[in-house]
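Survey of secondary and tertiary structure
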Amino acid sequence: MTPDLNLPPITANRPGTGALAPTTTASAVALELLRPIAAATLAPGESAQAEVVASQPRSGPFEVLLRLAKAGLPPTDVSVLSRQPLEAGTGLTVQAVSPTRLLAVLDSLATQGAGQTPLTKLDPQLFPQGSLVQARIINSQALPAASEQARFAILAKILQGPAAGAVLSLDSSRAATPGSLLTAQVGSQGELRVTSVTEQVRQLDLLQGMRTTLQTQASAEPLLRMLDKLAALPDLPPLLQAGMRQVLTHVTTPEYLSTPAGVAQAVRQSGIFLEAGLAQLSQTLQTGSASTANQSPTESMQQNLLPPLARLLPLLSSLATPPGAEPLPGADFKASLLNLLVTLQHQFPPDTSKFTALPPGPWQAAALTARPGLFPLPSRALQTLSDAPDLGSLLRLTAALLARIQHHQFQGLGQTQTFTDGSTQTVWQLEIPLREGQQFTQVQMRIQRDQSAPDSRQTEQTPQWEIRLAFNLESLGPMQSIARLYKGRVSSEFWAEQSDTLQRINAEMGRLRDRLLTRGLEVGELSAHRGSPPAPQQAVQQRWIDEVT
């Protein structure tokens, strides 16, 4: 990212950048008349409304044809020269400075700036370090040359966040096109750093992926219930039965999650690390072959390449391991679901898009207002799908659960960030399928790791961890917990919606404190609350983007 779009630092004032310094320059457009205007049309100091009829570039400035509208007179066309382009149809408020000069203000600027002073500094409470600012350029004007490097005064309207609607007064080494979208990141001193084009494309891809998967996802319970019924039927194809059983092997139990090894394996096999596991498997094959020294590069590459996905998925699914055994990289819940999806598609005609599409419902409209960082991910109600064990519904539910796992993957990628001071924030968001008696549910998990910037005075930086759990067990009802760990000190919050569950949590607090102390941890505050906790605080603040930049 390049710091080519500047605001005064929070801790210092730069000369010439007061609250109103760049405003008149940036918002006012000086126009030079090709012919002196008659005083009867517009006397010096008098104002009128105008509309841009046409604008053509010349050698340097732009030749613009304006149509003036003044009360009591017919519309009058005048030709002017402008240092910046004005699109046809743009509304202006013009004021005659002299018979040969006009001062114009875009109507959009006059409206947007009414009653507010453009911001020349960012409030650190509203714009913390590392947060993203998205704004619409509403004007860009060259500043008088004070050095060899050209500078431009820019007005931009903030589009999201607590300061949405405010106008920023900026200066930049680059001109900006009015109407274009600006994405920048807040630096340590309140300066704005323009996000690179590559990073903007990445963010757009992630946001689009999140919105698409959020619209098509569904939770695991209906699929697992249906698999539990269908896997025992004797008249299903053997490959299909095997695929169903492999998916069910990834379902854990509360007892198994009470051990550290059980939690570690459940996280590894949740599905969010499938692609990383395949990459690790490929690297292992490439580095583990001892017989490639005498082979040609082509033979060595062919031997070490992974087989096609259609052949690899059944292999990985057959290697899915029960709790307690170390899984092969890539042999996880998502791989088994993908294998089941492919096997199910073979039971239908080639065009199965109509089978994988979930029925429309109110969720589609609600999903458009969702934002990155949503936790916990709500369950989607599928009123038009029953628990009847038919392969069409099973195919839809499999595709929907895969979309849910992909959404968690996009969430983690979208919130993982490296900041301008060198600090980092990494987020993993996942779900663990769970069986409690005859009931199926899942535990949602959000793991956040905050690493401070490298410090030459310290040989090792200690990360700060935050782990959030959200689950809904039949015996406890909806619950969430938040645990934070930093330098050996742990604190925890529990949130429950049922009063009897809250009483049970409070009764176990002393036992929890003792268990943490026996682990060698320093115990901070342990608390229990009724309701649900506030949303996670993210250093990355973004909005859904519906535009192509």
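A few points on the structure. (Residues numbered from 1 in each chain as written. Predicted model: local features only at pLDDT ≥ 70, side-chain atom pairs only at ≥ 80, totals over all residues. Heavy atoms only, no water.)

Side note on the nonpolar core
- Of all hydrophobic cores here, the largest spans 26 residues; its most connected members are Leu224, Leu227, Met244, Leu337 and Leu394.
- Elements supplying a minimum of two residues to this core: α4 (221–230), α5 (238–249), α10 (333–345) and α13 (391–415).
- In terms of residue count, the dominant contributor to this core is α13 (six residues).
- Aside from chain neighbours lying at most four places away, what touches Leu394 is Leu223, Met226, Leu227, Leu230, Met244 and Leu344.
- Within the second largest apolar cluster, 23 residues are counted, among which are Met445, Phe471, Leu476 and Met509. (Core = buried A, V, L, I, M, F, W, Y, C linked by side-chain atoms within 4.5 Å. Buried < 20%, exposed > 50% of the residue type's maximum accessible area, 1.4 Å probe, protein only. Helix = DSSP H or I, 4+ residues; strand = E, 2+ residues; numbered from the N terminus. Contact = heavy atoms within 4.5 Å.)

Topic: the sheet that holds strand β19 (residues 522–530)
- Strand order in the open sheet made by the seven strands is β13-β14-β15-β16-β17-β18-β19, with mixed pairing throughout. What marks the edges here is a single partner per strand, and that holds for β13 (417–418) and β19.
- The pairing of strand β18 (residues 489–496) with β19 spans seven bridges and is classified as parallel. Bridging from a neighbouring strand, Trp495 pairs with His529 of β19.
- Each of β14 (424–436) and β15 (439–451) is contacted by α4, which is oriented at about 140 degrees to β15, the strand it contacts most. (Pairing = 2+ DSSP bridges. Axes fitted to C-alpha atoms, helices over the stretch in contact; angles between N-to-C directions.)

Overview of the packing of aromatic side chains
- Under the defined criterion, the tally for this structure stands at one aromatic pair.
- Ring centres of Trp428 and Trp465 lie 6.3 Å apart, and the angle between their planes is 15 degrees; this geometry places the pair in the stacked category. Within this pair, whereas Trp428 is found in strand β14, its partner Trp465 is found in strand β16 (residues 464–473), the two being separated by 37 residues in sequence.
- Relative accessible area serves as the criterion here: at 27%, Trp428 is assigned to the partly exposed category.
- You can call Trp465 partly exposed: its relative accessible area is 29%. (Phe/Tyr/Trp six-rings, centres within 6.5 Å; stacked < 30°, edge-to-face > 60°.)

Notes on the environment of Pro534
- Following the sequence through the fold, Pro534 ends up in the segment after β19.
- Between the C-alpha atoms of Pro534 and Phe375, which are 159 residues apart in sequence, the distance is 9.9 Å.
- If sequence neighbours within four positions are ignored, Pro534 has contacts with Arg468 and Trp495.

A look at the packing of α10 against α13
- For the pair α10 and α13, interaxial distance at closest approach is 10 Å and the crossing angle is 150 degrees. Crossing of α10 against α13: the hand is left-handed. From α10, Phe333, Lys334, Leu337, Leu338, Leu340, Leu341, Leu344 and Gln345 reach across to α13, where they touch Leu391, Leu394, Leu395, Thr398, Ala399, Leu401, Leu402, Ile405, Gln406 and Gln409.
- Of the residues that constitute the contact of α10 with α13, the class distribution is 13 nonpolar, four polar and one charged. (Left-handed = near helix turned anticlockwise from the far one by under 90°. Nonpolar A, V, L, I, M, F, W, Y, C, P; charged D, E, K, R; others polar.)

Notes on the layout of surface pockets
- A volume near 2,000 Å³ is recorded for the largest pocket.
- Forming the walls of the largest pocket are 40 residues, and the residues nearest its centre are Leu257, Ser258, Leu469, Phe494 and Leu512.
- The set of elements that each furnish at least two residues to the lining of the largest pocket consists of α6 (260–268), β14, β15, β16, β17 (477–486), β18 and α14 (499–518).
- The element best represented in the lining of the largest pocket is α14, accounting for nine residues. (1 Å grid on protein atoms, 1.4 Å probe; cavity = no way out; pocket = protein on both sides within 12 Å on 5 of 7 lines; lining within 4 Å. Points joined across faces, edges and corners; volume = space filled by probe spheres on them.)

What about the packing of α4 against α5?
- Packing of α4 against α5 brings their axes to within 10 Å, and their N-to-C directions diverge by 130 degrees. Classed by the angle they form, the pair α4 and α5 counts as oblique. For the pair α4 and α5, the crossing hand works out as left-handed. For the pair α4 and α5, contact is made by Leu224, Leu227, Asp228 and Leu230 and by Met244, Val247 and Leu248, respectively.
- A class-by-class count of the residues in the contact of α4 with α5 yields six nonpolar, no polar and one charged. (Parallel < 35°, antiparallel > 145°, perpendicular 65-115°, else oblique.)

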